[in-house]
Amino acid sequence: WVVEEGVYEERVLAFSTFNGIYVKSGTEQGRPIYQERRKFDREEYDDYSMKIPAEIKYSIDLGSWIFVHPKIAKKKQGESGTWLLRSPETKEYDLLNVEGEWNIWFG
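Residues numbered from 1 in each chain as written. Predicted model: local features only at pLDDT ≥ 70, side-chain atom pairs only at ≥ 80, totals over all residues. Heavy atoms only, no water.

## Quick look at the pairing of strand β6 (residues 64-68)
Put simply, the test is: Type-normalised accessible area, obtained with a 1.4 Å probe on protein chains alone, sets the label of each residue: buried when under 20%, exposed when over 50%, and partly exposed for intermediate values. Every helix listed is a DSSP run of H or I at least four residues long, and every strand listed is a run of E at least two residues long, numbered separately from the N terminus. We call two strands paired when DSSP finds no fewer than two bridges between them.
Burial analysis of β6 places 5 of its 5 residues in the buried class, the great majority of the element. In this sheet, β6 lies alongside strand β5 (residues 55-59) in antiparallel orientation, the contact comprising 5 bridges. Each residue of the ladder has a partner; that of Tyr58, found in β6, is Trp65. Counted between consecutive antiparallel strands, the loop separating β5 from β6 contains 4 residues, among which Gly63 sits at a positive phi close to 65 degrees. In this structure, β6 lies alongside strand β7 (residues 85-86), joined through 2 bridges in antiparallel fashion. Of the residues in β7, the one forming a bridge with Ile66 is Arg86.

Laid out in structure tokens, this is it:
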């Protein structure tokens, strides 16, 4: 967990924290980016909540859809990227049509 630039704190990652509403918030390299929203009203997180949303987006480098969070860092020997969940390699544009088992980072 990134507390601030260059300062890290080890925490248990509970993926269930991120279940809920994801809304298309833009595009990157021609593919949609889905950003986490508040569960109770589907609105963006505001400055008062101090919550930073997670994202689901396509990684051209990996050829996969990935789940990422800017405050959660991982470091595994020989592994690139900051994904926490990763789809199988796919060229599928629609996230809901991605087939196969996703990889989960356990730390």
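## A word on the pairing of strand β3 (residues 22-28)
Each regular strand shows side chains that alternate between the opposite faces of the sheet. Pairing geometry for β3 and strand β4 (residues 31-36), over 6 bridges, is antiparallel. Residue Val23 lies in a different strand from β4, and its bridge partner there is Gln35. Between β3 and the antiparallel strand that follows it, β4, lie 2 residues; Gln29 among them carries a positive phi value of about 55 degrees.

## Notes on the sheet that holds β5
With antiparallel pairing, the 6 strands of this open sheet are ordered in space as β3-β4-β5-β6-β7-β8. Edge positions in the sheet fall to β3 and β8 (103-104), since each has one partner strand and no second.

## A look at the packing of aromatic side chains
Selection rule: Any two rings among Phe, Tyr and Trp, with Trp reduced to its six-membered ring, count as a pair given centres within 6.5 Å; such a pair is stacked if its planes are under 30 degrees apart, edge-to-face if over 60, and tilted if neither. A ring is scored as having a charge over it whenever the NZ atom of a lysine or the CZ atom of an arginine sits within 6 Å of its centre and within 35 degrees of its normal.
The full count for this structure, using the stated rule, is 4 aromatic pairs. Centroid distance Tyr22 to Phe67: 6.4 Å. Interplanar angle 70 degrees. Geometry classified as edge-to-face. You can see Tyr22 sitting in strand β3 and its partner Phe67 sitting in strand β6, a full 45 residues away along the chain. Of the residues examined, Tyr22 reaches a relative accessible area of 22% and is grouped as partly exposed. The exposure class of Phe67 is buried, given its relative accessible area of 4%. With a centroid separation of 6.2 Å and 40 degrees between ring planes, the pair formed by Tyr34 and Trp65 is classed as tilted. With Tyr34 in strand β4 and Trp65 in strand β6, this residue pair connects regions lying 31 residues apart in the sequence. Across the pair, exposure class does not vary: Tyr34 and Trp65 are buried alike. Ring pairing ties together the aromatic residues Phe18, Tyr22 and Phe67, which thus form one cluster. Between the NZ or CZ atom of Arg31 and the centre of the ring of Tyr58, over which it lies, the distance is 3.8 Å.

## Notes on unusual backbone geometry
Look at Gln29: it is not a glycine, yet its phi comes out positive at around 55 degrees. Within the fold, Gln29 resides in the loop between β3 and β4. Overall, the relative accessible area of 57% leaves Gln29 in the exposed class.

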